[in-house]
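Each chain is listed here by its residues.
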Amino acid sequence: MKKVAIILADGFEEIEAISIIDILRRSGIKVEILGYNETTLTGAHDITILADDKFDYYTDLDYDGIIFAGGMKNAQILGQDEDVMEFIRHYNSDKKLVAGICASPSLVLYNAGILDGKDVTCYPDMELISRMENSNYIDKYVVVCDNIITSQSPYSAMAFALSLVNYFEMDANLLQSQLKGN
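Computed from a predicted model, the values in this text were never measured in an experiment.

Q: Which residues make up the packing of aromatic side chains, and what values go with them?
A: For the structure shown, the criterion picks out 3 aromatic pairs. With 5.1 Å between their ring centres and 85° between their planes, Tyr167 and Phe168 make a pair best called edge-to-face. Assessed through its relative accessible area of 8%, Phe168 is described here as buried. Chaining the aromatic ring pairs together yields one cluster made of Phe55, Phe87 and Tyr91.

Here it is, written out as structure tokens:
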């Protein structure tokens, strides 16, 4: 069974986080929610969730990938933490999945120094796009470039989650059929 971590701080974008968690779990991928400095987290729109554990760089390095939801406050907090940056660098150097949506590609993944020369997307805001000056910004809902998957916004959360399922070679078509009620 594949196992991923989604690292969240207060101010995370709820649609993105919950879509990712739900779709991956429905697909048979184990998802651990890691809270930044706490296990009770409040999203950008005052929805509170309980994380499985606190993020600790040294706790568990055996995930098949790490994922970051958006939300400006969430992305700013995580993008300024050196342990989070080192965690990302470690996964990227091992060619494991590193994925981010919305503000996270620009404020988290880019700060880790892993997006130079990569095809990427992020929330379509000129300030966020301009931060990724050494990357190739593509205006698409989801961009897959090797082990790095980036996405734009709450509007693309479902497509992003399904691209993560596809990355792990799970059957996204079966999942889509289940979600449609077929």
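Anyway, onward from the coordinates.
Q: I'd like to hear about helix α2 (residues 72-79), residue by residue, with values.
A: Residues lying three or four places apart along an α-helix face the same way, a consequence of the helix completing one turn every 3.6 residues. For α2, the set of buried residues is Asn74, Ala75, Leu78 and Gly79. Considered in projection along α2, the buried side chains sweep an arc of 115° and stay on one side of the axis. Against the buried residues of α2 lie β1 (3-8), β6 (65-68), α3 (82-93) and α4 (104-109).

Q: Hey, could you go over the nonpolar core for me, with residue numbers and the actual values?
A: Core analysis: the largest hydrophobic core is formed by 31 residues, its most contacted members being Phe68, Val84 and Ile88. The set of elements that each furnish at least two residues to this core consists of β1, β6, α2, α3, α4 and α5 (126-131). For this core, the leading source of residues is α3, giving 5 residues. If near-sequence neighbours (up to four positions away) are discounted, Val84 is found in contact with Tyr36, Phe55, Phe68, Leu78 and Val108.

Q: I'd like a description of the sheet that holds strand β5 (residues 53-54), backed by residues and values.
A: Ordered by their spatial adjacency, 7 strands build an open sheet running β5-β2-β1-β6-β7-β11-β10, and the pairing between neighbours is mixed. With one partner strand each, in any of the chains shown, β5 and β10 (142-145) form the two edges of the open sheet. On top of the sheet, α3 reaches β1, β6, β7 (97-101) and β11 (148-151); it is set at about 135° to β6, its chief contact.

Q: Can you lay out the environment of Ser156 for me, pointing to particular residues and giving the numbers?
A: Structurally, Ser156 is set in the loop between β11 and α6 (157-167). Note on Ser156: relative accessible area 0%, which makes it buried. Separated by 137 residues in sequence, Ser156 and Ser19 have C-alpha atoms that sit 10.0 Å apart.

Q: So, the pattern of salt bridges: which residues are in play, and what are the values?
A: Pairing between side chains of opposite charge can happen when their charged atoms approach one another. If you walk through the whole model with that rule in mind, you get 7 salt bridges. The closest approach of N and O atoms between Glu82 and Arg89, which form a salt bridge, is 2.7 Å. We classify Glu82 as partly exposed; its relative accessible area is 48%. When its relative accessible area of 28% is taken as the criterion, Arg89 is described as partly exposed. Here Arg89 makes a salt bridge to Glu86, at a shortest N to O gap of 3.4 Å. Taken together, the residues Arg89 and Glu86, both in helix α3 and 3 residues apart, mark about one turn of the helix. Residue class for Glu86 comes out partly exposed when judged on its relative accessible area of 34%. A network of salt bridges, in which partner residues are shared, links Lys3, Glu32 and Asp62.

Q: Lay out the packing of helix α1 (residues 14-26) against α6 in plain terms, naming residues and giving numbers.
A: Helix packing geometry: the angle between the two helix axes and the distance between the axes. Remark: α1 packs on α6, axes separated minimally by 9 Å, with the N-to-C direction vectors making an angle of 35°. The crossing of α1 and α6 is right-handed. Across the interface between the two elements, Ile15, Glu16, Ser19, Ile20, Ile23 and Leu24 of α1 pack against Ala157, Met158, Phe160, Ala161, Leu162, Leu164 and Val165 of α6. For the contact of α1 with α6, the per-class residue count stands at 11 nonpolar, 1 polar and 1 charged.

Q: Which residues make up unusual backbone geometry, and what values go with them?
A: A positive phi angle is found at Asn37, which is not glycine, with a value near 65°. As for its placement among the helices and strands, Asn37 is situated in the loop between β2 (30-35) and β3 (40-42). One non-glycine residue with positive phi stands out, namely Asp146, at about 60°. Relative to the helices and strands, Asp146 resides in the loop between β10 and β11.

Quick notes on the rules
- Residues numbered from 1 in each chain as written.
- Predicted model: local features only at pLDDT ≥ 70, side-chain atom pairs only at ≥ 80, totals over all residues.
- Heavy atoms only, no water.
- Phe/Tyr/Trp six-rings, centres within 6.5 Å; stacked < 30°, edge-to-face > 60°.
- Buried < 20%, exposed > 50% of the residue type's maximum accessible area, 1.4 Å probe, protein only.
- Helix = DSSP H or I, 4+ residues; strand = E, 2+ residues; numbered from the N terminus.
- Arc of directions from axis to C-beta.
- Contact = heavy atoms within 4.5 Å.
- Core = buried A, V, L, I, M, F, W, Y, C linked by side-chain atoms within 4.5 Å.
- Pairing = 2+ DSSP bridges.
- Axes fitted to C-alpha atoms, helices over the stretch in contact; angles between N-to-C directions.
- Salt bridge = Lys/Arg side-chain N within 4 Å of Asp/Glu carboxyl O.
- Left-handed = near helix turned anticlockwise from the far one by under 90°.
- Nonpolar A, V, L, I, M, F, W, Y, C, P; charged D, E, K, R; others polar.

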